[in-house]
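What follows is each chain in one-letter form.
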Amino acid sequence: MVKVGIIGVGTVGESVANILKENQDVISARAGAMIEVKKGVVRSLDKKRNVEIALTTDVNEVLEDEEIDIVVELMGGVEEAYEVVKKALKNGKAVVTANKALLAYHRYELAELAKDIAFEYEASVAGGIPIINALREGLSANHIESIMGIMNGTCNYMLTKMRDEGAAYDEILKEAQELGYAEADPTFDVGGFDAAHKLLILASIAYGIDAKPEDILIEGIENITQEDIAFAKEFGYEIKLLGIAKKERSEVELRVHAALIKKEEMIAKIDGVMNGISVVGDKVGETLYYGPGAGGDATASAVIANIVDIARSGKSAPMLGFDRPMEGKLTLKESADVHSKYYLRINVNDKTGVLAKLTKLFEHYSISIETMLQRPTQNESANLLISTHLAKESDIQELMDKIASLEFVNSKPVMIRIVS
Ligand code: NAP
Ligand code: HSE
């Protein structure tokens, strides 16, 4: 019998406890042992819960229980969760977590602390999709050339509903929260931080890059409007929040932002709460991983896969994929040096000479315009919708600042990168 303690019995924790019971037949046969949840830890015992396990508010009742073999951390947050899992490891307990924020900041310290104790985190990236296993084990023969995809279910759900139903941003975010997709603080989702946490975890496994969220370009979907969605439709694009890792010689660029992506691309066809990640290896070529990126049961499916692996007590891969550092270490590329194509939305006073002044600025920064549209808005103003050829991130940022300061520009211009 393998005994489990669950710290955090919310959306995912409840599903873990319930699936371990409902699918006990298949799970115990695959694990070669019965798996039992001995106790769950919550903040409040007064909440109504859809779960039949013993509950406590005292985390030490799990961490110090000698009968408990595996601690499953599903409480979220960074520093408090870090203290909890450190203590679990110190007490010799295997750890399973779905907490990408914790790993974005502390994965290397935890790998060091865990040493030979199992520390697994399949559910931390892309919910129910076994992407950690694929990257860490299935693709271990490859140099990874790129990783690109949709890594946040909440944003993909919201962008899909904005496109299909014209639904209001706040309303759909509320829906995503009710469905159990969003983080406790949903600004982590819509601000791009949750996708960045996941990208950083994948970048460690693929490239051995030890970076923190502060080191990379992170933007969310807060500025996307129906106008941008209409532009995307007209020019054959979808708007998606993407996580992108790309290796070029000895450098790796890592970035998370909303992107215009051609409708024909497979990633563009991924809608709703689904996630989809393309991984290109130098030997295997492109591989694509698709499935539910958030939600209690889908995430619990990945958490339980880790519990089963640990119960089998086979030797698993090193926590972050590398047994020792690779020769010719890769380094993180400066965000300012990244190249992309861009779409800009600029609201201007609709008067003589405005276009000429703007195009002169583009010329000054050597940014070449690919398409330009003018759409009238209220009060003798117009939206200029401009797409560019490849340009350097630092040049575009300077251009945007300059445009924002012009007297005939009515509001902060909006920029979305175009991924091709
Ligand atoms: P949740 O519904 O907010 O549940 C969190 C649980 O942790 C609640 O039961 C809460 O207790 C408990 N908790 C929080 N702080 C605690 C503390 N200091 N002491 C004791 N218990 C505490 O969150 P969730 O959606 O299940 O997510 C859990 C983790 O999985 C997070 O790291 C999240 O990022 C990750 N994750 C979630 C999903 C998803 O789709 N939801 C997918 C992948 C990964 P109360 O119930 O009493 O408040
Ligand atoms: N809030 C996250 C998302 C949960 O929406 O993708 C899954 O990690």
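Residues numbered from 1 in each chain as written. Chains lettered and ligands numbered in written order. Predicted model: local features only at pLDDT ≥ 70, side-chain atom pairs only at ≥ 80, totals over all residues. Heavy atoms only, no water.

A. Here's a closer look at the packing of helix α13 (residues 354-364) against helix α14 (residues 393-404). In the contact formed by α13 and α14, the axes pass within 10 Å of each other and the chain directions differ by 155°. Considering the angle they form, α13 stands roughly antiparallel to α14. Seen from above, α13 lies across α14 with right-handed handedness. Each of L358, L361 and F362 in α13 lies in contact with α14, whose residues at this interface are L399, K402 and I403. Partitioning the contact of α13 with α14 into residue classes produces five nonpolar, no polar and one charged. (Axes fitted to C-alpha atoms, helices over the stretch in contact; angles between N-to-C directions. Helix = DSSP H or I, 4+ residues; strand = E, 2+ residues; numbered from the N terminus. Parallel < 35°, antiparallel > 145°, perpendicular 65-115°, else oblique. Left-handed = near helix turned anticlockwise from the far one by under 90°. Contact = heavy atoms within 4.5 Å. Nonpolar A, V, L, I, M, F, W, Y, C, P; charged D, E, K, R; others polar.)

B. Inspection of the site of ligand 1 at higher detail. Inspection of the region around ligand 1 gives 24 residues, with S44, K47, R49, E183 and G295 positioned closest. Taking E183, its side chain carries an N or O atom lying 2.6 Å from an oxygen atom of ligand 1. Compared with its free state, where it exposes 900 Å², ligand 1 has 87% of that area covered by protein. Looking at the shell around ligand 1, its residues break down into nine nonpolar, nine polar and six charged. (Near = heavy atom within 4 Å. Polar contact = N/O pair within 3.5 Å; in protein donor to acceptor, adjacent residues only side chain to side chain. Areas by Shrake-Rupley, 256 points an atom, 1.4 Å probe, with all protein chains shown as cover.)

C. Looking closely at the nonpolar core. Membership of the largest hydrophobic core comes to 84 residues, with the highest contact counts inside it found for F119, I131, I147 and Y207. Every residue in contact with I131, bar those within four places of it in the chain, is listed here: E122, V125, A126, L202, I277, V279 and Y289. One finds V12, V96, A123 and A300 within the second-largest nonpolar core, a separate group that totals 32 residues. (Core = buried A, V, L, I, M, F, W, Y, C linked by side-chain atoms within 4.5 Å. Buried < 20%, exposed > 50% of the residue type's maximum accessible area, 1.4 Å probe, protein only.)

D. Inspection of the domain arrangement of the chain at higher detail. Split by domain assignment, the chain resolves into domain 1 (2-134 + 296-313), domain 2 (142-291) and domain 3 (336-419). The gap between the C-alpha centroids of domain 1 and domain 3 is 48 Å. (Domains from an automatic or database assignment.)

E. Main features of helix α4 (residues 79-90). Under the 1.5 Å per step criterion, the end-to-end length of α4 is 16 Å for 12 residues, consistent within 8% with the ideal 16 Å. A81, Y82, V84, V85, A88 and L89 are the residues of α4 that are buried. What you see down the axis of α4 is that its buried residues fit within an arc of 165°, all on one side. Opposite the buried face of α4, by more than 90 degrees, sit the exposed residues E80 and K90. Along its buried surface, α4 packs onto β1 (2-7), α3 (60-63), β4 (70-73), β5 (94-97), α5 (100-114) and β6 (119-120). (Expected span 1.5 Å × (residues − 1). Arc of directions from axis to C-beta.)

F. Just the site of ligand 2, in detail. The full set of residues close to ligand 2 is K100, N152, G153, T154, Y181, A182, E183, D189, D194, K198, G293 and A294. At 2.5 Å from an oxygen atom of ligand 2 is found a side-chain nitrogen or oxygen belonging to K100. Between ligand 2 and Y181 there is a distance of 2.7 Å, counted from a nitrogen atom to a backbone nitrogen or oxygen. Within the complex, the protein chains bury 93% of what would otherwise be the 250 Å² of accessible surface of ligand 2. For the shell around ligand 2, the secondary-structure elements that each account for two or more residues are α7 (153-165) and α10 (193-207). A per-class count over the shell around ligand 2 returns three nonpolar, four polar and five charged.

G. Main features of the pairing of strand β15 (residues 369-377). In the sheet, β15 pairs with strand β16 (residues 381-388) via eight bridges, with the strands oriented antiparallel. Within β16, the position partnered with I369 by the bridge is T388. The antiparallel pairing of β15 with β16 creates a hairpin that spans three residues between the two strands, and N379 there sits at a positive phi of about 55°. (Pairing = 2+ DSSP bridges.)

H. A look at the sheet that holds β1. Spatially, six strands are ordered β3-β2-β1-β4-β5-β6 in an open sheet, and the strand pairing comes out parallel. The two strands at the open ends of the sheet, each matched to only one other strand, are β3 (55-56) and β6. Note that β4 and β5 share four bridges and pair parallel. Considered in β5, the bridge of V72 is made with V96.

I. Looking closely at a negative patch on the surface. Side chains of E79, E109, D210, E214 and D215 sit close together on the surface and give a patch of like negative charge. Within the secondary structure, D215 is located in the loop between α10 and β8 (217-218). (Patch = residues over 30% accessible without salt bridge, like charges linked within 9 Å, V, L, I, M, F, W, Y side chains within 5 Å. Salt bridge = Lys/Arg side-chain N within 4 Å of Asp/Glu carboxyl O. Lys, Arg positive; Asp, Glu negative; His and termini not counted. Charge placed at Lys NZ, Arg CZ, Asp CG, Glu CD.)

J. Region of the structure containing the pattern of salt bridges. Inspection of every chain in the model, using the stated rule, returns 31 salt bridges. A salt bridge links K39 to E61, with the nearest nitrogen and oxygen atoms 2.8 Å apart. Remark: E61 occurs in helix α3 and K39 occurs in strand β2 (residues 35-41); sequence separation between them is 22 residues. Judged by relative accessible area, K39 falls into the partly exposed class, the value being 22%. With its nearest N and O atoms 3.6 Å apart, the salt bridge here joins E165 to K161. Here E165 and its partner K161 are both found in helix α7, four residues apart, which amounts to about one turn of the helix.

K. Molecular detail of α13. Listing the buried residues of α13 in full gives V354, L358, L361 and F362. Burial along α13 is one-sided: seen end-on, the buried residues are contained in an arc of 100°. Residues K360, E363 and H364 are exposed on α13 and point more than 90 degrees away from its buried face. Among the structural elements, β14 (339-349), β15, β16 and α14 are those in contact with the buried residues of α13. S366 lies just past α13 and shows a positive phi near 55°.

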